[in-house]
Amino acid sequence: MKALVFKRQPAKFAAAMVAGRLQPGAGAKVGPLSLRDVDPPELPGPDWVRVRPRLSGICGSDLATIDGTSSRWFEPIVSFPFTPGHEVVGDLDDGTRAVVVPVLSCTPRGLDPVCPACAEGRINHCERIGFGDLEPGLQCGFCESTGGGWSTLMVAHRSQIVPVPDDLSDEAAVLVEPLACAVHAASLVTAPRVAVLGAGTLGLLTIAALRHARPDVEVLATAKHPHQRSLAAELGADRVVAPGELERAVRSATGTMRYDNGQLGGGIEGVVDCVGSPESIAQALRIAAPGTTVLAVGMPGVTTVDLTPLWQREVALKGAYAYQRADFDTAVELAARLDLGRLVSATYPLRAYGDAIAHAAHAGARGAVKIAFDLRSEKERETI
Amino acid sequence: MPRPGFVLDVDKSTPPILFHHGESFRLERLPAGRSRVVYPAEPLEPLEDVDAAIRHALDNPIGDSPPLRALLRPGMKLTIAFDDISLPLPPMRRPDVRQRVIEAVLDLAAEAGVDDVHLIAALALHRRMTEAELRHAVGDRVYDAFAPHGQLYNHDAEDPDNLEFLGTTRHGEEVEINKRAATSDLIVYVNINLVSMDGGWKSTATGLASYRSLRHHHNVRTMQHSRSFMDRHRSELHSSNWRMGEVLRNSGVKVFQIETTLNNDTFGTSGPLSVLQKREWEWTARDRAAFIAMKAGLDRLPIKARRKIFNSWQAPYGVTSVQAGEVEAVHEVTTQNTFAQQLVPVEGQTDILTMGLPYICPYNVNSVMNPILVMCLGLGYFFNMYRGQPLVREGGVVIMSHPTTWEFHPVHHPSYIDFFEQCLAETTDPLELEARYEKQFAEDEWYRHLYRTSYAYHGVHPFYMWYWGSHGLQHVGKVIIVGGDPRAVRRLGFSPASTLQDALEMASDVVGRDATITHLHNPPLVMADVS
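Residues numbered from 1 in each chain as written. Chains lettered and ligands numbered in written order. Predicted model: local features only at pLDDT ≥ 70, side-chain atom pairs only at ≥ 80, totals over all residues. Heavy atoms only, no water.

Enquirer: Looking at this model, I keep getting lost on helix H12 (residues 325–337) of chain A. Mind explaining?
Expert: Working note: α-helix, 3.6 residues per turn, so residues spaced by three or four point in the same direction. Residue and element names in this part refer to chain A. Taking 1.5 Å of rise per residue, the 13 residues of H12 would be expected to cover 18 Å, and the 19 Å separating its terminal C-alpha atoms lies within 8% of that figure. Residues Asp327, Phe328, Ala331, Val332, Leu334 and Ala335 constitute the buried set of H12. Buried residues along H12 sit against strand S5 (97–100), strand S7 (161–163), helix H5 (170–173), helix H6 (176–187) and helix H7 (201–213). In the stretch just after H12, Asp339 is the one whose phi turns positive, near 55°. (Helix = DSSP H or I, 4+ residues; strand = E, 2+ residues; numbered from the N terminus. Expected span 1.5 Å × (residues − 1). Buried < 20%, exposed > 50% of the residue type's maximum accessible area, 1.4 Å probe, protein only. Contact = heavy atoms within 4.5 Å.)

Enquirer: Hey, could you run me through the environment of B:Pro371 in this one?
Expert: Residues and elements named next belong to chain B. Position of Pro371 among the secondary structure elements: in helix H14 (residues 371–382). Linking Pro371 and Asp185, residues 186 residues apart in sequence, is a C-alpha distance of 43 Å. Ignoring any residue separated from it by four or fewer positions in sequence, one finds Pro371 in contact with Thr404, Thr405, Trp406, Glu407, Phe408, Phe420, Ala488 and Leu492.

Enquirer: Please clarify how unusual backbone geometry should be interpreted in this entry.
Expert: Negative phi characterises most residues that are not glycine, and trans characterises most peptide bonds. All names here are of chain B. A cis amide bond, omega -15°, links Leu87 with the succeeding residue Pro88. Relative to the helices and strands, Pro88 is located in the loop between strand S5 (77–82) and helix H3 (97–111). Residue Ser228 is bonded to the preceding Arg227 through a cis peptide linkage, with omega at 5°. Mapped onto the fold, Ser228 is located in the loop between helix H9 (220–224) and helix H10 (236–250).

Enquirer: Help me understand empty space enclosed by the protein, please; the structure alone is not making it clear to me.
Expert: With a probe scaled to a water molecule rolled over the atoms, the places where space remains empty come into view. Residue and element names in this part refer to chain B. Counted under the stated rule, the structure contains 1 cavity of 30 Å³ or more. Forming the boundary of the largest cavity are 49 residues, of which Ser86, Leu87, Asp198, Pro362 and Tyr381 lie nearest the centre. At the level of secondary structure, the elements contributing two or more residues to the lining of the largest cavity comprise helix H7 (201–207), helix H13 (327–342), H14 and helix H18 (461–468). Of the residues in the lining of the largest cavity, the class split is 31 nonpolar, 14 polar and 4 charged. Three or more residues apiece are contributed to the lining of the largest cavity by two domains, here domain 1 (6–43 + 341–530) and domain 2 (50–262). (1 Å grid on protein atoms, 1.4 Å probe; cavity = no way out; pocket = protein on both sides within 12 Å on 5 of 7 lines; lining within 4 Å. Points joined across faces, edges and corners; volume = space filled by probe spheres on them. Nonpolar A, V, L, I, M, F, W, Y, C, P; charged D, E, K, R; others polar. Domains from an automatic or database assignment.)

Enquirer: Would you explain the interface of chain A and chain B in this entry?
Expert: Interface size is commonly expressed as the accessible area that is lost once the parts come together. The interface of chain A with chain B comprises 11 residues on the first partner and 14 residues on the second. Interface area, chain A with chain B, both sides summed: about 1100 Å², of which 42% is carbon and sulfur. Of all residues in chain A, A:Arg239, A:Arg248 and A:Met257 give up the largest surface area on contact with chain B, accounting jointly for 45% of the area buried on that side. At the boundary of chain A and chain B, one finds 8 residue pairs in polar contact (both at pLDDT 80 or more). For the side of chain A that touches chain B, the element with the most residues is helix H9 (residues 246–254) of chain A, which contributes 4 residues. When the residues that make up the side of chain A that touches chain B are grouped by side-chain class, the tally is 2 nonpolar, 3 polar and 6 charged. (Buried area = accessible area lost by both parts, 1.4 Å probe. Polar contact = N/O pair within 3.5 Å; in protein donor to acceptor, adjacent residues only side chain to side chain.)

Enquirer: Teacher, can you tell me more about the state of the cysteines here?
Expert: Simply put, disulfide is the name for a covalent bond between the sulfur atoms of two cysteines. Residues and elements named next belong to chain A. A complete count under the given rule lists 0 disulfides over all chains for this structure. Take Cys118: it sits in no disulfide, and the sulfur closest to it among the cysteines is that of Cys115, at 3.6 Å. Take Cys143: it sits in no disulfide, and the sulfur closest to it among the cysteines is that of Cys140, at 7.1 Å. (Disulfide = S-S within 2.5 Å.)

Enquirer: Help me out: how do you make sense of the sheet that holds strand S11 (residues 255–262) of chain B in this one?
Expert: Residues and elements named next belong to chain B. The mixed open sheet is built from 6 strands, whose spatial order is S7-S6-S5-S10-S11-S12. Both edges of this open sheet fall to strand S7 (152–154) and strand S12 (319–325), since each of them pairs with a single strand only. Sheet twist, expressed as the mean angle between neighbouring strand axes with direction ignored, is 15°. Against the sheet, helix H1 (residues 50–59) engages S11 and S12, with an angle of about 20° to S12. Relative to the sheet, H3 contacts S5, strand S6 (116–121), strand S10 (186–190), S11 and S12, its axis offset from that of S5 by approximately 170°. (Pairing = 2+ DSSP bridges. Axes fitted to C-alpha atoms, helices over the stretch in contact; angles between N-to-C directions.)

Enquirer: I keep staring at the nonpolar core and nothing clicks. Help me out?
Expert: Considering soluble globular proteins, one finds that nonpolar side chains tend to be buried as a cluster. Ranked by size, the top nonpolar core spans 163 residues in total, and within it B:Leu58, B:Leu72, B:Ile80, B:Phe82, B:Val188, B:Tyr363 and B:Tyr381 carry the most contacts. Among the elements that make up this core, the one with the highest residue count is H14(B) (9 residues). Beyond its immediate stretch of four places on either side in the chain, B:Leu58 contacts B:Pro67, B:Leu68, B:Ala104, B:Val105, B:Leu108, B:Phe256, B:Ile258 and B:Ala324. A:Leu205, A:Val219, A:Cys274 and A:Leu334 belong to the second largest nonpolar core, which has 57 residues in total. (Core = buried A, V, L, I, M, F, W, Y, C linked by side-chain atoms within 4.5 Å.)

Enquirer: Mind showing me how you'd approach the sheet that holds strand S15 (residues 386–387) of chain B here?
Expert: Hydrogen bonding along the main chain pairs the strands of a sheet, whether they run parallel or antiparallel. Strand order in the open sheet formed by 3 strands is S13-S20-S15 (chain B), with parallel pairing between adjacent strands. This sheet does not close on itself; its edge strands, each paired only once, are strand S13 (343–346) and S15 of chain B.

Enquirer: Could you clarify how one ought to interpret the pattern of salt bridges in this entry?
Expert: Charged atoms that come close allow side chains of opposite charge to pair. All names here are of chain B. With the rule as written, the count across this model stands at 58 salt bridges over all chains. One salt bridge in this structure joins Glu111 and Arg69, with 3.3 Å as the shortest N-O distance. Taken together, the positions of Glu111 in helix H3 and Arg69 in helix H2 (residues 68–71) put the pair 42 residues apart, joining distant regions of the chain. Using a relative accessible area of 58% as the deciding quantity, one classes Glu111 as exposed. With its nearest N and O atoms 2.6 Å apart, the salt bridge here joins Asp299 to Lys295. (Salt bridge = Lys/Arg side-chain N within 4 Å of Asp/Glu carboxyl O.)

Enquirer: Can you walk me through the pairing of S5(A) in this structure?
Expert: Where a strand is regular, its side chains alternate between the two sheet faces. The alternating pattern of S5(A) places A:Arg97 and A:Val99 and A:Ala98 and A:Val100 on opposite faces, both of which are buried. Between strand S4 (residues 88–92) of chain A and the antiparallel strand that follows it, S5(A), lie 4 residues; A:Gly95 among them carries a positive phi value of about 90°.

Enquirer: Got a minute to help me understand the confidence of the model for chain B in this structure?
Expert: Any region with low pLDDT has predicted coordinates that should not be read closely. When pLDDT is averaged across chain B, the result is 97; 100% of the residues are at 70 or more. Across the whole predicted complex the pTM is 0.87, and at the interface the ipTM reaches 0.75. (pLDDT = per-residue confidence, 0-100.)

Enquirer: Looking at this model, I keep getting lost on the pairing of strand S8 (residues 193–197) of chain A. Mind explaining?
Expert: Residue and element names in this part refer to chain A. Counted residue by residue, S8 has 5 buried out of 5 residues, so it is predominantly covered. Neither face of S8 is open: one carries Arg193, Ala195 and Leu197, the other Val194 and Val196, and all of them are buried. As paired elements, S8 and strand S9 (residues 218–222) share 4 bridges and run parallel to each other. In the sheet register, Val194 faces S9, and the bridge partner there is Val219. The parallel pair S8 and S9 is bridged by H7, and the resulting crossover is right-handed. Bridge analysis of S8 against strand S11 (residues 268–273) gives 4 bridges, and the strand direction is parallel. In the sheet register, Val194 faces S11, and the bridge partner there is Gly270. (Right-handed = clockwise from strand over helix to strand, strands pointing away.)

As structure tokens, this is what we get:
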């Protein structure tokens, strides 16, 4: 079968790091990712099913991996070689169309009893994502045992399968996984006014999820590009500003004071960073009101940031990773209601992975939101 | 004998016409056969002895008022209020006429043994004047005698301890002004009447007022019912101020009004800018060479250097009249004197009104002409320079020439930035802006802090700028800005054009291909008396 495979190849990894710094997405052409003919992954046990991906999205964390900019934190919780792709809608052997909950927590790993977090349903807090019957891997798409969505076949535990209704398009369904992240993040926000930083896929979906969960919340969003501005407003932002205008917008919205250097006296009650860059984290800390929480939804990396405002204003920095199972149900419902298929801007066959990744790395500037691989026409898909 | 203003019908022999364009200029050829240019009058002869005229006015008041010296007595509380940095434009060469008038008033006060004297810059919600600006307005002698003792200062419309509520008009408008002024035995108001909007009861009822009071006439409804606000008898802005004046009078506030008028000598009859005051077909070869050299030189300079050059210009205005006494009687005479310089009879309206906007307006002295001020100068001030009916017909097109850069003075105009980035991104409808955002900006503590302690216009001020243009916005079918930053122009809700020819082409979609065009050749100031 055909699959994009990411191998542990230090020399190529170094080349990807250099290329990725010069040009985001360039790591795909020189790094350890390649299109291969590989054996299909074996079913690890009786509760496992085969999934033939139909669409599989390219996520920011995938881009960081390909460009060699992701943190070494992941080293013990991924296994090589792996096939990326954790945003997946696919077909099961029985014809069921489903999305995959990619987190590889205790149950898929055959661990019994499950860890305390999994016992409470908090699969995103699972303490054993490097243990059990499977090779290490926090999610499908980072685990050698399961394969990933950027291929014609992967495997998933039955507990990871969420069937989707017939009237939900593949394009909308492929956004269910990132939307579940957004639904989870929104559930952690209690502030009456929230600034959402970034209007890429995750930012836009977080705005939508916030609006759904909290109809009365006041959402101030940042967006770099015109299409992002209009989508952010359509999905529920009350006000959308350019990133450089955010401090002034927060000041104006809250009526707080401002020092001569632009620093705010107070800030906004809730901040959700959907970018994860050093700049966005620093900005998030600058605009958060004293005693409030900055939620890091976009995957950060190794970063240098001035934590003085965090200390002086007793601001908490909290992560928001993945989701719990129930978030997927909400996401399936929301994806249909909000017609989220329109966020899929372009799809590519596996063989054009270089172009696909370059497009995804510059999605905003090129007027796009989500870029995905389209496996529906891959020849081998029907013959495996 | 200065020549009056007049209207030139453009024909094939008409040379290109001067358009002011921020800190530069454009020469534009207007279509022959359907264009006309309204030229200002040449500067009226100034008074030969201004100081003597001032003394005469103080001793021979107009209306129901005794001479000033009869109103002064030992032990009294005297407040001299004066117009702020927004007048005149550009600033006048020293000595400023305010200085001359104030010195004359202080001489009389000293003679009468008055020693409780305060001088207040009546700036309403404008930015505070700096020491240098105050010195320029009142002179070093007055400044040094009063400022160090805390007796010369800027009005603070947000100081709750220094405002006095005096009651409401018969229309329910609250009247609240500076407490020192309100509780004085006499206010002497020293005015410069650059345009006919200035002066009268507007001096005290606006210049010394608080936001609570100002909001009753600085609003969209009032401005849309002021046709124009340069014509007091058809201006709801003035009607409201006059009603407030009635409350002041009935509350026992005594005002001795001193108004002055200036001539049109804005750029001088000799010197580097004098060509701007001449009619194009009368330019000599030397004028042309000077203009071309000036424009080429300016266009090569960075904007900051250009701005510095223009901001340093001080006009050699001549004082044409001084009148003093009872507010309303004085103002009637002042208005006639202003009209004598500025009014030009114009027959009928036009389809397209063109205007070249200069580098300065009342709210960017020593500052930056930001896009909101461009709108205010064009659709507020220039559009309203009419009596009778607007120079452009209803549904017509206004074409303004200005660079309209997305640039703001961070100290002077902080709330403008937010207004531009936040409010105008949502709507350009004055009524909606007023309803949705005015209160928030007016009561914002940070803006209030900057207005009171820094040199910032009040938080609500950008709204007033927008309201100033609301009659124009309501009246015209399209506004085009030539040579402006397209992004900033679109944010204003207007259309950008690269050249005047492009703008005329765009205008034809609204007013047809044979539309008539009128260019308001301003500054020096000209006001159309449209029949």
